[in-house]
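Overview (structure and organization)
Listed below are the residues making up each chain.
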Amino acid sequence: ELDVIAHRIERVAAVPAEAFSADCPEYDSACMVIIRLAAFLEREEYAPYMDALTSSEKRALRTTRNIAAHSGYQNMDDQLLWTAVTRNVPDMIERLRAAASRGLVMKMWIVNLSGCAYPIRERRSPGSHRHLRPTGQAPKGSQHTDVLKP
């Protein structure tokens, strides 16, 4: 999902700020960047990574998404939208990717008390609480006992 958003950002960034307006196709891409990133924030499976964004960034994304999706382009400031999409959002995506990467590493491997690393998988209990459990298979050639490995 973040790769799709990043690709749209590249399209928007290819247009100079002075040429960016509701009349250019990249304007729609900019709006979709905001809409999709805001939707990303609302998905339960990504909730653990949301600490990577500040509360004001989350509020700004939701507000901008609401304007783009519900109020129409006449209520958008073209230059602010271009700046947000080409300057602010890439930093947010980088932080989300880093948080997701750290979370993925922590979810994928667990080191038991004897120092052996085991991959883990997620399962849901009937009460829909998340549990992680070892798969019972140690990684081939694993001799590292002091770090978690992807």
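To be clear, the structure that these remarks concern was listed above.
Rules and cut-offs
Residues numbered from 1 in each chain as written. Predicted model: local features only at pLDDT ≥ 70, side-chain atom pairs only at ≥ 80, totals over all residues. Heavy atoms only, no water. Helix = DSSP H or I, 4+ residues; strand = E, 2+ residues; numbered from the N terminus. Buried < 20%, exposed > 50% of the residue type's maximum accessible area, 1.4 Å probe, protein only. Contact = heavy atoms within 4.5 Å. Core = buried A, V, L, I, M, F, W, Y, C linked by side-chain atoms within 4.5 Å. Axes fitted to C-alpha atoms, helices over the stretch in contact; angles between N-to-C directions. Parallel < 35°, antiparallel > 145°, perpendicular 65-115°, else oblique. Left-handed = near helix turned anticlockwise from the far one by under 90°. Nonpolar A, V, L, I, M, F, W, Y, C, P; charged D, E, K, R; others polar. Expected span 1.5 Å × (residues − 1). Arc of directions from axis to C-beta. 1 Å grid on protein atoms, 1.4 Å probe; cavity = no way out; pocket = protein on both sides within 12 Å on 5 of 7 lines; lining within 4 Å. Points joined across faces, edges and corners; volume = space filled by probe spheres on them. Salt bridge = Lys/Arg side-chain N within 4 Å of Asp/Glu carboxyl O.

1. Some details on the overall build of the protein
- Across its full length, the protein holds four helices and three strands.
- Helices and strands appear in the protein in the N-to-C order α-α-α-α-β-β-β.
- Taken across its 150 residues, the protein has 31% of its residues classed as buried.
- Of all intrachain contacts in the protein linking residues separated by at least 6 positions in sequence, the fraction that spans at least 24 positions is 57%.

2. Examining the nonpolar core
- Residues F20, L37, L81, V85 and L96 are the most contacted members of the largest nonpolar core, which totals 31 residues.
- Elements with a contribution of two residues or more to this core: helix 1 (2-13), helix 2 (25-42), helix 3 (55-71) and helix 4 (78-108).
- Excluding residues that lie within four positions of it along the chain, L37 makes contacts with L2, I5, L61, V89, M92 and L96.

3. Considering the packing of helix 1 against helix 2
- Two elements in contact, helix 1 and helix 2, have axes whose closest approach is 9 Å; the angle formed by their N-to-C orientations is 155 degrees. Between helix 1 and helix 2, the crossing angle belongs to the class labelled roughly antiparallel. When you trace helix 1 past helix 2, the crossing you get is left-handed. Residue-level contacts link L2, V4, I5, R8, I9, R11 and V12 of helix 1 to E26, S29, A30, M32, V33, R36, L37 and F40 of helix 2.

4. Describing the packing of helix 2 against helix 3
- Contact geometry for helix 2 and helix 3: axes closest at 9 Å, N-to-C directions at 125 degrees. On the basis of their axis angle, the class for helix 2 and helix 3 is oblique. As helix 2 runs across helix 3, the sense of the crossing is left-handed. Residue-level inspection shows C31, I34, I35, L37, A38, L41 and E42 of helix 2 in contact with helix 3, the latter providing K58, L61, T64, R65, A68 and A69.
- For the contact of helix 2 with helix 3, the class distribution of residues is nine nonpolar, one polar and three charged.

5. A word on helix 3
- With 17 residues, helix 3 extends 23 Å from end C-alpha to end C-alpha; this agrees with the ideal 24 Å at 1.5 Å per step.
- Considered for burial, the residues of helix 3 that qualify are E57, K58, L61, R65 and A68. All buried residues of helix 3 fall inside an arc of 100 degrees around its axis, so they share one side.

6. Describing the layout of surface pockets
- Considered as a void within the structure, the largest pocket measures approximately 240 Å³ in volume.
- Contributing elements (two or more residues each) for the lining of the largest pocket: helix 3 and helix 4.
- A per-element tally of the lining of the largest pocket places helix 4 first, with six residues.

7. Let's talk about the pattern of salt bridges
- Overall, the coordinates contain six salt bridges when judged by the stated rule.
- The salt bridge involving R36 is made with E1; its shortest N-O contact spans 2.9 Å. Of this pair, R36 sits in helix 2 while E1 sits in the segment before helix 1; the two residues are 35 residues apart in sequence, bridging distant segments of the chain.
- What makes E1 partly exposed here is its relative accessible area of 32%.
- Linking R95 and E57 is a salt bridge whose minimum nitrogen-to-oxygen distance equals 2.6 Å. Within this pair, whereas R95 is found in helix 4, its partner E57 is found in helix 3, the two being separated by 38 residues in sequence.
- By relative accessible area, which is 17% here, E57 ends up buried.
- Taken together, the shared-partner salt bridges in this structure form one network comprising E57, D91 and R95.

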